[in-house]
Amino acid sequence: MAEFLDLEAQDGVRMPWNVFPGTKQETTHCVVPVSAIYTVLKPFANMPVLPYPPLRCRTCRSILNPFCIVDYLVKIWICPFCFQRNHFPPHYASISEDNLPAELFAQYTTIEYETSTDKSTVPPVFLFVVDTCIIEEELGYLKTALSQAIDLLPDKSLVGFITFGTYVHVHELGSGLIPKTYVFRGSKEISKDQILEQMNFFAKRPKPSAGVIAGVRDGLSAESIRRFLLPASDCEFALNSVLEELQKDPWPVPADQRATRCTSTALSVAASLLGACVPGSGARIMTFIGGPSTEGAAAIVSKSLSEPIRSHKDLDKDSAPYYIKAVKFYEGLSKQLVNQGHVLDLFACALDQVGVAELKVAVERTGGLVVLAESFGHSVFKDSLKRIFQSSDYDLSLSFNGIFEVSCSKDIRVQGVLGPCASLEKKGPLCSETVVGQGNTSAWKMCGLDKATTLCLVFEIVKKETPEPIGPSTSNQFYLQFLTYYQHTNGQMRLRATTLARRWVDGPGSIQELIAGFDQEAAAVVMARLVSFKMESETEFDPIRWLDRSLIRLCARFGDYQKDSPSSFSLSPRLSIFPQLMFHLRRSQFVQVFNNSPDETANFRMILNRENVANSVVMIQPSLISYSFHLGPEPVLLDVAAIAADRILLLDAYFTVVVFHGMTIAQWRNAGYQNQKEHEVFAQLLGAPRDDAELILTERFPVPRMVICDQHGSQARFLLAKLNPSTTYSSSSASLGGDVIFTDDVSFEVFLDHLQRLAVQQ
Ligand SMILES: [Zn+2]
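In short, a report on the structure. This structure is a prediction, so every number in the text was calculated from the model and none was measured. What you see as residue numbers is a count from 1 along each chain, following the sequence as written. Local features in a predicted model are, by the rule used here, given only for residues with pLDDT of at least 70; side-chain atom pairs are given and counted only at 80 or more, and totals for whole chains, interfaces and linings are based on all residues. To obtain the side-chain values, all non-hydrogen atoms of the structure were included, while hydrogens and water were left out.

1. Brief notes about the overall build of the protein chain
The condition that has to hold: The numbering of helices and of strands both runs from the N terminus, where a helix is a DSSP run of H or I of at least 4 residues and a strand a run of E of at least 2. What the globule rule says is 2.2 Å times the number of residues to the power 0.38, and the radius of gyration is computed from C-alpha atoms. Relative accessibility decides the category of a residue: with a 1.4 Å probe and only protein chains considered, values under 20% of the type maximum give buried, values over 50% give exposed, and everything between is partly exposed. In this analysis, two residues are considered to be in contact whenever any of their non-hydrogen atoms come within 4.5 Å of each other. Methods summary: accessible areas were calculated by the Shrake-Rupley approach with a probe of 1.4 Å, and residue burial reflects only the protein chains presented. Positive charges come from Lys and Arg, negative ones from Asp and Glu, while His and the chain ends are left out of the count. In plain terms, the charge of a residue is placed at NZ if it is Lys, CZ if Arg, CG if Asp and CD if Glu.
Broken down by element type, the protein chain carries 21 helices and 28 strands. Relative to the globule expectation of 27 Å for 762 residues, the C-alpha radius of gyration of the protein chain, 28 Å, shows essentially globular dimensions. Expressed as lengths along the three principal axes of its C-alpha atoms, the size of the protein chain is roughly 80 × 80 × 55 Å. A burial count over the protein chain gives 56% of its 762 residues as buried. Within the protein chain, contacts between residues at least 6 apart in sequence are counted, and of these 72% link residues at least 24 apart. With the model as given, the accessible surface of the protein chain reaches about 32600 Å², and the carbon-plus-sulfur share is 52%. Computed over 70 positive and 82 negative side-chain charges, the separation of the two mean positions in the protein chain equals 6 Å.

Next up, the structure:
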């Protein structure tokens, strides 16, 4: 494990297979795909940022790196990807073994270049899009949160403001003393040209002829743009007065109906406004939604309250008439935003569903952030929003305008990327015919990315025959290079290059080497992203069956056993926790979707798809820590047996953090022992899990939901739902003070039994 963490600390990469299977056939036997989980902008304290452009191979365009073979005498470097010999340019003339440029240092496999010397930085744009079909109380919370956010905006950043309900209102912040808004009907689809016309962009100059409308920016004067997008420092007053006067949508809503809420029309207007004003420069549409969309091209439900919002069952049975149309609309919107280089962020705060499932495609492909909470007054929303703008150790380091590219050695192809990005449709010999996620390309757009953004690249090994025996002339190395061009938070354009070398193995003895290079946590995370993707994209896909079959095949291939003897079965420590991770993945929110709404599932999956391995593992298998008088905080098994009357448990399920007091502890607390001097130790015991929970909340985005509860209390379900049902109503071993879970789930012991029995039969 430790060496995999070291590799991650150097390059931000974790791979299920750190030794590659050498042939296509061998890869199939490995079950878990050859893949890489890459935290694109992981911060590294000692990473050099070079003030000059990189040297590129003249054939394949990959970048000079520590794995290149260099001939110092004739000043030539050999590209490890295509074996092209490249001459060093004159300014590298002094290069020698003792005088290496930083990009050739063995430890700098990840390095950054400042790609342009242009110091003029384009300020980021924040366009707020705010739902007004919400009750006064919610509107009050939202106004407070927004006005705090506006205070925290960087002074130079440009700000715009749109509100929507029955109609869309575009606020002209630069209109001086008289507040001015442009109103669009919510039920009507509006083209970019119509919007521009209505907003009078061309009022002072002849309208460009139809032929050049694509380059419409040329028709816009800086003043036109400044009417809608103003530097934060110049429009604070205007923004605050718009906020103060913000009213609930005035149109009457009959008692048996939902409000007329035209979310998609508002987003379309927002996208077109940004497309007209700031195409190609970093901008985010920050959307605040308090209820379901019922009007416009992407309504998710009708206005009649007698019709319920689609559930997973409806989606499964294909009986969600609005869903497909809405998703199609947002696919179109995501294409527009990706073209423009703009991000869509979503803050959905309602007890009801609002359409996160439909919006997912646009948020994820543009690298947007998503926060789902019950109310605009909830800390999950308020603290998360603050975190976006606050600069501290825990800020997100929002970056813009990323392009991600991959180079690989010749026998590797890219099937695609699972994660927050969009294919740039750069087809070539590198692309596999099998497509996973955003595929058929070797370049991806990342409109929004930050220091947490983590992609999962899925590869294919194409070599069909056994590779030639390893001799002096051939090498058994595979190389990968990840290049990320992006606009750093300081405004400058940068290029990060990560170059990796991995060995391939084949033939007898290769199994032991493959096992030695197996990172089971990374493997579980790849399987989690893959199963989520398949559940969304393949009809009739049975996730449990697929996961079980994969696990059985993996164990049959890499386990130690005598055929047909389950008791002889064992796994190397490299694989030993993998079955447990798969057991929890089967029970997780990613697979057991029927316990949640489609909006919640979409939210969970978007966050899984952008997080690193350590965080994703917590989402799959929550961590449980026990606090008691006898023993300090200690990790315990995620099992119902962990519950005891005199213990406090801290469950970190990533999206929810639960502090659970055993019965006796709760009684003492209710009696106020913690306030008595002689029970100081109890006060400390009571405080420790709370402090540890607070620490988790400070570091995580979105801020998780915190639940504090007692044994047998109604909120205890947040803990119980995550525990292994080792003690169920059918077994008689309910220990004293423990709990019994009523469930039809199989326990881990039963699961493992089945696994061993089936693996040895393969
Ligand atoms: Zn090359």
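2. Observations concerning the coordination of the zinc ion
Heads up, the rule is: Water is not among the atoms examined, so metal sites may look incomplete; donors are the N, O and S atoms within 2.8 Å of the metal, or within 3.2 Å for Na, K and Ca.
Protein coordination at the zinc ion: the donors are Cys57 (SG), Cys60 (SG), Cys79 (SG) and Cys82 (SG), at 2.2 to 2.3 Å from the metal. In primary-sequence terms, the residues that donate to the zinc ion follow C-x2-C-x18-C-x2-C. According to the relative accessible area criterion, cysteine 82 is partly exposed, its value standing at 28%.

3. Concerning the packing of helix α18 (residues 663-670) against helix α19 (residues 680-699)
In a packed pair of helices, the relevant descriptors are the angle between the two axes and the axis-to-axis distance. In plain terms, the rule: Only the stretch in contact is used when a helix axis is fitted, and all axes are lines through C-alpha atoms; the angle between N-to-C directions ranges over 0 to 180 degrees. In this scheme the handedness of a crossing depends on how the near helix is turned from the far one: anticlockwise by less than a right angle means left-handed, clockwise means right-handed. Any residue outside Ala, Val, Leu, Ile, Met, Phe, Trp, Tyr, Cys, Pro, Asp, Glu, Lys and Arg is labelled polar, Gly included; the first ten of those are nonpolar and the last four are charged.
Relative to each other, α18 and α19 sit at 115 degrees, their axes nearing to 12 Å. As α18 packs across α19, the resulting crossing turns out to be left-handed. Every residue of α19 that contacts α18 at Ile665, Trp668 and Arg669 is listed here: Phe682, Leu685 and Leu686. Tallied by class, residues from the contact of α18 with α19 come to five nonpolar, no polar and one charged.

4. Things to note about the sheet that holds strand β6 (residues 76-78)
Note the cut-off: Whether two strands pair comes down to DSSP finding at least two bridges between them.
Taken together, three strands build an open sheet; the order of strands is β5-β6-β7 and the sheet is antiparallel. Unpaired on one side and paired on the other, β5 (69-71) and β7 (85-87) mark the two borders of the sheet. Averaged over neighbouring strand pairs, the angle between their axes works out to 25 degrees when direction is ignored. With three bridges joining them, β5 and β6 adopt antiparallel strand pairing. By the bridge assignment for β6, valine 70 is matched with tryptophan 77.

5. Examining α18
In plain terms, the rule: This arc is built from the directions going out from the helix axis to the C-beta atoms.
Considered for burial, the residues of α18 that qualify are Ile665, Ala666 and Arg669. Take α18 and look down its axis: the buried residues cluster within an arc of 100 degrees, on one side only. Buried residues belonging to α18 abut β26 (648-652), β27 (656-661), α19 and β28 (705-710). Following α18 by one or two positions, glycine 672 has its phi on the positive side, about 80 degrees.

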